[in-house]
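Now for the letters of each chain:
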Amino acid sequence: MQAKQRVLIIDDEKTNLKILSDILRDEVEVILAKDGAQGIRKARELAPDLILLDVVMAGMSGFDVITKLKHDAITSAIPVIFITSLGDVSHEERGLLLGACDYIQKPFHAAIVLARIQLHLQLARQRLMLERLANIDPLTEVANRRRHEEVLASEWRVAMRNHSEISLVMVDIDNFKHYNDRYGHAAGDRVLQQVAQQLSAQLKRPRDLVARYGGEEFIILLPENSQAGSMEIMENCRTAIENLGLEQVGGEDGQRVTISIGGITCRPGLKDKASDALKMADDMLYLAKHQGKNRVIW
Ligand code: GH3
Ligand code: MG
Ligand code: MG
Ligand code: MG
């Protein structure tokens with residue numbers, strides 16, 4: 001069974017909060033907020049799937065609240081439905097132009113409100129699923145190459161603008177063809193999952209990104225990180241995999257699954273291209289392989 005979706009209701013009148021939560025309680029998990037400020041805070045903290053928003057409220061109006069929500073990356077994608085007694089066309093138009101997905105006028109029929117809310121919840125669920133399909137590698141559940149390219153392009157621009165450092169790292173499992181031949185493809189898949197999990201566990205900052213780049217290669221982005229800091233993280237990754245102690249009998253490298261790592265740290269200038277930096281990280285990976293594998297080369 002799917003987990004219940006969460007609906008945040010923001011309204012300054014207790015009676016309204018009660019009427020709406022009575023309608024919704026059996027279908028969804030209801031969160032209540034008694035004014036705009038509290039609503040915005042709960043939207044950021046609790047990531048609801050949908051927000052029902054009153055327009056006329058003491059303090060911040062519903063229009064102010066939606067403007068704040070839509071300008072905040074954490075809450076901008078949450079669908080918002082206005083529920084209000086303000087019936088004229090200009091208010092409805094304003095609400096929709098500010099980014100609401102629907103506008104329901106009071107007095108309303110409970111069944112209609114419920115049906116419209118369920119429609120938008122279903123759309124929200126589908127959007128999440130599409131996002132997941134577009135961005136996540138299904139085997140390892142880390143980001144896929146498409147997602148990596150998107151994030152790299154935007155982080156590269158940020159680094160350029162802020163004159164900050166960024167590290168790009170390529171990771172490749174050692175002798176993996178041999179592992180598959182010896183233990184089978186399904187066992188190989190489980191190694192890929194474990195490697196992805198270990199790499200993710202070592203990345204502590206919210207903007208760090210690990211992605212599956214292809215077959216048994218991963219790529220890691222470490223924005224705003226120095227060479228020394230980045231190398232330390234990657235050395236921890238390398239030992240974490242080695243310490244898993246995954247047996248690789250007959251492997252060339254000490255009978256265990258290991259990874260090779262090539263990285264570069266740069267401060268991108270106006271003429272620098274992310275693709276050239278990637279190529280340099282790949283060259284470092286080649287050196288790591290050439291110098292005997294299971295090592296970090298920068
Ligand atoms: P090196 O140490 O030089 O990297 O040697 P290698 O054997 O790891 O490199 P090579 O590129 O020759 O082989 C990569 C192997 O990775 C080939 C393939 O069997 C395996 N592989 C690629 N994708 C997958 C996958 O999705 N699942 C599994 N189980 N194996 C994969
Ligand atoms: Mg009100
Ligand atoms: Mg490879
Ligand atoms: Mg390999």
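Residues numbered from 1 in each chain as written. Chains lettered and ligands numbered in written order. Predicted model: local features only at pLDDT ≥ 70, side-chain atom pairs only at ≥ 80, totals over all residues.

Observations concerning the packing of helix 2 (residues 36-46) against helix 3 (residues 62-70)
The test is simple: Think of each axis as a best-fit line through the C-alpha atoms, taken over the contacting stretch in the case of a helix, with angles from 0 to 180 degrees between the N-to-C directions. We count a stretch as a helix when DSSP gives it H or I for four or more residues in a row; a strand needs E for two or more, and each element gets its number in order from the N terminus. Note on terminology: angles under 35 degrees are roughly parallel, angles over 145 are roughly antiparallel, angles of 65 to 115 are roughly perpendicular, and the others are oblique. Note on convention: near helix rotated counterclockwise from far helix by under a right angle means a left-handed crossing. Clockwise means right-handed. Once C-beta atoms have been placed from the backbone, residue pairs whose C-beta atoms lie within 7 Å are recorded as contacts. We call Asp, Glu, Lys and Arg charged. Ala, Val, Leu, Ile, Met, Phe, Trp, Tyr, Cys and Pro are nonpolar, and the rest, Gly among them, are polar.
Between helix 2 and helix 3, whose axes approach to 10 Å, the crossing angle comes to 25°. One element, helix 2, and the other, helix 3, form an angle in the roughly parallel class. The handedness of the crossing between helix 2 and helix 3 comes out as right-handed. Seen from helix 2, the contacting residues are G36, G39, I40 and A43; seen from helix 3, they are D64, V65, K68 and L69. For the contact of helix 2 with helix 3, the per-class residue count stands at four nonpolar, two polar and two charged.

Focus: the nonpolar core
To be explicit about the condition: For the purposes of this analysis, a nonpolar core is taken to be any set of buried Ala, Val, Leu, Ile, Met, Phe, Trp, Tyr and Cys residues that are connected through C-beta atoms within 7 Å. Three exposure classes are used. Buried residues have 20 or more other C-beta atoms within 10 Å of their own C-beta, exposed residues have 12 or fewer, and partly exposed residues fall in between, all C-beta atoms being placed from the backbone.
With 41 residues, the main nonpolar core has V169, V210, F218, I220 and I261 as its most contacted residues. Among residues more than four places away in sequence, those in contact with V210 are V142, A143, A196, L199, S200, L203, F218 and I220. Grouped together as the second largest cluster of nonpolar side chains are 25 residues, I40, L50, L53 and L69 included.

What about the sheet that holds strand 7 (residues 209-214)?
So the rule is basically this: Note: two strands are recorded as paired if DSSP finds a minimum of 2 bridges between them.
Taken in spatial order, the five strands of this open sheet run 7-8-6-9-10, and their pairing is mixed. The open sheet has two edge strands with one neighbour each: strand 7 and strand 10 (296-297). Both strand 6 (residues 166-173) and strand 8 (residues 217-223) contribute to a ladder of seven bridges, which runs antiparallel. Of the residues in strand 8, the one forming a bridge with I166 is P223. Contacting strand 6, strand 7 and strand 8, helix 6 (residues 145-162) crosses the sheet at an angle of about 130° to strand 7. Sitting on the sheet, helix 8 (residues 185-202) touches strand 6, strand 7, strand 8 and strand 9 (259-266), and the angle it makes with strand 7 is about 150°.

Some thoughts on the site of ligand 1
Operational definition: Placing a C-beta atom from the backbone of each residue, we mark the residue near a molecule or strand if the atom is within 6 Å of it.
Around ligand 1 sit 16 residues in total, of which D174, F176, K177, G188 and G215 are the nearest. Mapped by element, the contributors of at least two residues to the shell around ligand 1 are strand 6, helix 7 (176-183) and helix 8. Among the residues forming the shell around ligand 1, the class breakdown is three nonpolar, six polar and seven charged.

Regarding the environment of E149
The residue E149 is located in helix 6 in this model. Since 17 C-beta atoms lie within 10 Å of it, E149 is described here as partly exposed.

Concerning the sheet that holds strand 3 (residues 50-53)
Picture the strands of a sheet paired through backbone hydrogen bonds; they go either parallel or antiparallel. Pairing is parallel in the open sheet, where five strands are placed in the order 2-1-3-4-5. Each of the sheet's edge strands pairs with one partner strand only, and the pair in question is strand 2 (29-33) and strand 5 (102-105). On average, each strand axis in the sheet is tilted by 20° relative to the strand beside it, whichever way the strands run. Pairing analysis gives five bridges linking strand 1 (residues 6-10) to strand 2, with the strands arranged parallel. Within the sheet, the bridge partner assigned to I10 lies in strand 2 and is A33. Sheet contacts for helix 2: strand 1, strand 2 and strand 3; angle to strand 1, the most-contacted strand, approximately 165°. Of the strands in this sheet, strand 1, strand 3 and strand 4 (80-84) are in contact with helix 3, which crosses strand 4 at around 175°.

Observations concerning the pairing of strand 4
Across a regular strand the side chains alternate sides, sitting on one face of the sheet and then on the other. Applicable threshold: A right-handed crossover is one whose linking path, passing over the helix from the first strand to the second, runs clockwise when the strands point away from the viewer.
Burial runs high along strand 4: four of the five residues are buried. Note: strand 3 against strand 4, three bridges, orientation parallel. Looking at the pairing, I51 lines up with V80 of strand 4. Chirality of the crossover, the property in question, places the unit of strand 3, helix 3 and strand 4 among those that are right-handed. Pairing geometry for strand 4 and strand 5, over four bridges, is parallel.

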